[in-house]
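Listed below are the residues making up each chain.
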Amino acid sequence: MDTILGIDVGGTGIKGALVDVTTGKLLTERHKIRTPQPADPAAVLATTKELISLFNWEGKDIGIGFPCIVKNGFCLSANNISKEWIGINLVDHFSKGTNSNVSILNDADAAAVAESQFGQGKNLKGLMILITIGTGIGSGFVYNGTLLPNVELGSIKWKEKEVEKYVSNKTRNKKNLTWKEWGSELGKFLNHVVRIYSPDLIVLGGGVSKNFELYEAYLKMKQDVPIKTASYLNAAGVIGAALYHKQNI
Ligand code: BGC
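Reading the values: rules and limits
- Residues numbered from 1 in each chain as written.
- Predicted model: local features only at pLDDT ≥ 70, side-chain atom pairs only at ≥ 80, totals over all residues.
- Heavy atoms only, no water.
- Axes fitted to C-alpha atoms, helices over the stretch in contact; angles between N-to-C directions.
- Helix = DSSP H or I, 4+ residues; strand = E, 2+ residues; numbered from the N terminus.
- Parallel < 35°, antiparallel > 145°, perpendicular 65-115°, else oblique.
- Left-handed = near helix turned anticlockwise from the far one by under 90°.
- Contact = heavy atoms within 4.5 Å.
- Expected span 1.5 Å × (residues − 1).
- Buried < 20%, exposed > 50% of the residue type's maximum accessible area, 1.4 Å probe, protein only.
- Near = heavy atom within 4 Å.
- Polar contact = N/O pair within 3.5 Å; in protein donor to acceptor, adjacent residues only side chain to side chain.
- Areas by Shrake-Rupley, 256 points an atom, 1.4 Å probe, with all protein chains shown as cover.
- Nonpolar A, V, L, I, M, F, W, Y, C, P; charged D, E, K, R; others polar.
- Domains from an automatic or database assignment.
- Buried area = accessible area lost by both parts, 1.4 Å probe.
- Salt bridge = Lys/Arg side-chain N within 4 Å of Asp/Glu carboxyl O.

### Side note on the packing of helix H1 (residues 41-53) against helix H2 (residues 90-98)
Here comes step 1: Interaxial distance between H1 and H2 falls to 10 Å at its minimum, and their mutual angle equals 50 degrees. Between H1 and H2, the interaxial angle falls into the category oblique. The interaxial crossing formed by H1 with H2 has right-handed handedness. Here Pro41, Val44, Leu45, Thr48, Lys49 and Ile52 of H1 come into contact with H2, specifically with His93, Phe94, Gly97 and Thr98.

Here you go:
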């Protein structure tokens, strides 16, 4: 079974595509439907089913990346989604609701799986930290090709709140921060991460990674750690979710 449907549930859109899990390549266009508001369990399931029906595909294997801590299939956090998700068995909810075989992992972990197997972290010895910058800050740690799930760098306490409240792309837009202002704050955060974890590679993902040259100079990194932008940009979550499901079946 080399074709798996990958789905990436995000705060603004639910995206999906069929993925060839032997090559990590998309076999179809990536479809996106706006995330329903409020994004409660019933509404997100209904939108996910609508997305699945866009693919003329008889397969029953689906990998889903979801923006929360996913422990033993359960949702344990809700920074940027409805609090109604907390405590829900995500695997049950989506398997029964879509009548499919479903695997679920954190969305940034999914992106990290894709980058580690087929992208910037391919064949890397040591620690890759992928950081997705979007509505929130997500992170995925992969050490010698093995995922260390549910590391939530976006929840690090920073001044009065979680760091994602200061350095997400949502905050950059909301506060109308210049690349210099925002890049300097992001740099402090990245230096902090390097100081704690000594990664061998940092990969930046999320839409804002494509503007890297506009803020790279303001990061002022103190240690010489390579920082690269994700190879897959917005498809990493979809691809990684499918790859993860392949490992599970
Ligand atoms: C959530 C993470 C998620 C990230 C990116 C954060 O608000 O806490 O679990 O990975 O957003 O979606």
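### A word on helix H8 (residues 236-248)
Here comes step 1: Between the first and last C-alpha of H8 there are 18 Å, a value that for 13 residues agrees with the 18 Å anticipated at 1.5 Å per step.
Here comes step 2: The complete set of buried residues in H8 reads Ala236, Gly237, Val238, Ile239, Gly240, Ala241, Ala242, Leu243 and His245.

### Side note on the site of the ligand
Here comes step 1: Near the ligand the following residues occur: Pro67, Cys68, Asn79, Asn80, Asn106, Asp107, Gly136, Ile137, Gly138, Glu152 and Glu164.
Here comes step 2: Asp107 is positioned such that a nitrogen or oxygen atom in its side chain is 2.6 Å from an oxygen atom of the ligand.
Here comes step 3: Glu164 has a polar side-chain atom sitting 2.9 Å from an oxygen atom of the ligand.
Here comes step 4: Here the ligand loses 92% of its free accessible area of 310 Å² to cover by the protein chains.
Here comes step 5: Here the residues of the shell around the ligand are counted per class, giving three nonpolar, five polar and three charged.
Here comes step 6: A domain-level breakdown of the shell around the ligand finds at least three residues from each of domain 1 (3-110 + 236-247) and domain 2 (123-232).

### Describing the domain arrangement of the protein
Here comes step 1: Each assigned domain of the protein is listed here: domain 1 (3-110 + 236-247) and domain 2 (123-232).
Here comes step 2: In this structure, domain 1 and domain 2 have C-alpha centres spaced 23 Å apart.
Here comes step 3: Opposite the 13 residues of domain 1 that make contact, domain 2 presents 17 residues.
Here comes step 4: Of the roughly 1,100 Å² buried where domain 1 meets domain 2, counting both sides, 45% is carbon and sulfur surface.
Here comes step 5: On the domain 1 side of the contact with domain 2, Asn79, Ala108 and Asp109 bury the most area, a combined 43% of that side's loss.
Here comes step 6: Our count for the contact surface shared by domain 1 and domain 2 stands at zero salt bridges.
Here comes step 7: For the side of domain 1 that touches domain 2, the secondary-structure elements that each account for two or more residues are strand S6 (70-71), strand S8 (101-106), helix H3 (107-118) and H8.
Here comes step 8: Classifying every residue of the side of domain 1 that touches domain 2 gives seven nonpolar, four polar and two charged.

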